[in-house]
Amino acid sequence: MAKKINCLISAGPTREWIDPVRFISNPSSGKMGYALAKEAHNRGFDVNLVSGPVSIRPVDGIMVTRVETAEEMRKAMLEKFDSSDLILMCAAVSDHKPKFQWEQKKKKDQFPQNIEMIPNKDILLELGQKKKKLQTLVGFAAETENGVQNALEKLNKKNLDWIALNDISNKKIGFDKDFNEITLFSSSGKRVNLDFSKKEELATQMFELILK
Ligand code: PMT
């Protein structure tokens, strides 16, 4: 019997807490990542979904690890990475976090005027450094300008097999929308446009392309 494909997918935003009631995040709804997870599940793959805080319910049969911060997402992804064949990093991970997190809620008049930020680790970069020959690693690039150049830089720097460029300057697609439009670039030089469609349809097209 053929070995089942293990598919690891990240989805949704991360939250970087300032104090118990305030955090830094982004508008990712998880719709794209959950559509990818559903498609992988429909194809009979074993699916591990590492999800930031979203309000979507995954379909039964998908293993979900819920995380909040980028560091929690990093740990969950690293834990499952070695046993995964296909890894898709669709989450919108916060690049920075506040240097200090206050344990008590800051009163309005005590709230700092400037919040010192420090970088989070780049999860995808780390996965790319660990990648083995038989693993396929797919990243996303959410860009408002110089999309192609930035996506290709990320493809190379992070040692990816594919990158999906998301032009988030187009308000009809991307963050928290039901539709998307992406351009996929491969490390072997392929470039394929996947036109404006429901995220579920794009997920199907992405898998068809990546698994070809
Ligand atoms: O969730 P939805 O509302 O459906 O929206 C979907 C989406 C717009 C979030 C998705 O399609 C998308 O573009 N995801 C990637 C968002 C992003 O963080 O892009 P980036 O260009 O900043 O990061 C490049 C890649 O590095 C991404 O694969 C990201 O997951 C990864 N990354 C980034 C920072 C970090 N510290 N660690 C990472 O692994």
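Residues numbered from 1 in each chain as written. Predicted model: local features only at pLDDT ≥ 70, side-chain atom pairs only at ≥ 80, totals over all residues. Heavy atoms only, no water.

Q: Is there a simple way to explain the side chain of asparagine 180 in this structure?
A: The residue asparagine 180 is located in strand E11 (residues 179–186) in this model. Residue classification places asparagine 180 among the buried positions, given a relative accessible area of 0%. For asparagine 180, the side chain forms a polar contact with the main-chain nitrogen of glycine 174, separated by 3.4 Å. Setting aside chain neighbours within four positions, we find asparagine 180 in contact with Met32, Asn166, Ile173, Gly174, Asp195, Phe196, Ser197, Lys199 and Leu202. (Helix = DSSP H or I, 4+ residues; strand = E, 2+ residues; numbered from the N terminus. Buried < 20%, exposed > 50% of the residue type's maximum accessible area, 1.4 Å probe, protein only. Polar contact = N/O pair within 3.5 Å; in protein donor to acceptor, adjacent residues only side chain to side chain. Contact = heavy atoms within 4.5 Å.)

Q: So what exactly am I meant to see when it comes to the nonpolar core here?
A: Where a protein is soluble and globular, its nonpolar side chains tend to be buried together. Counting 30 residues, the largest nonpolar core has Cys7, Ile9, Leu36, Leu86, Leu88, Met206 and Phe207 as the members making the most contacts within it. Mapped by element, the contributors of at least two residues to this core are strand E1 (6–11), helix H1 (31–42), strand E4 (46–51), strand E6 (86–89), strand E9 (136–143), strand E10 (162–167), E11 and helix H5 (199–210). If we skip the residues at most four places from it in the chain, isoleucine 9 touches Gly33, Leu36, Ala37, Ala40, Val47, Asn48, Leu49, Val50 and Leu88. (Core = buried A, V, L, I, M, F, W, Y, C linked by side-chain atoms within 4.5 Å.)

Q: Please clarify how the site of the ligand should be interpreted in this entry.
A: Surveying the vicinity of the ligand reveals 29 residues, the closest of which are Ser28, Ser29, Lys154, Asn166 and Asp176. Within the backbone of alanine 142, one N or O atom sits 3.1 Å away from an oxygen atom of the ligand. Protein contact buries 96% of the 780 Å² of open area that the ligand shows by itself. Elements that contribute at least two residues to the shell around the ligand include exactly H1, helix H3 (123–130) and E9. Each residue belonging to the shell around the ligand can be placed in one class, and the counts come to twelve nonpolar, eight polar and nine charged. (Near = heavy atom within 4 Å. Areas by Shrake-Rupley, 256 points an atom, 1.4 Å probe, with all protein chains shown as cover. Nonpolar A, V, L, I, M, F, W, Y, C, P; charged D, E, K, R; others polar.)

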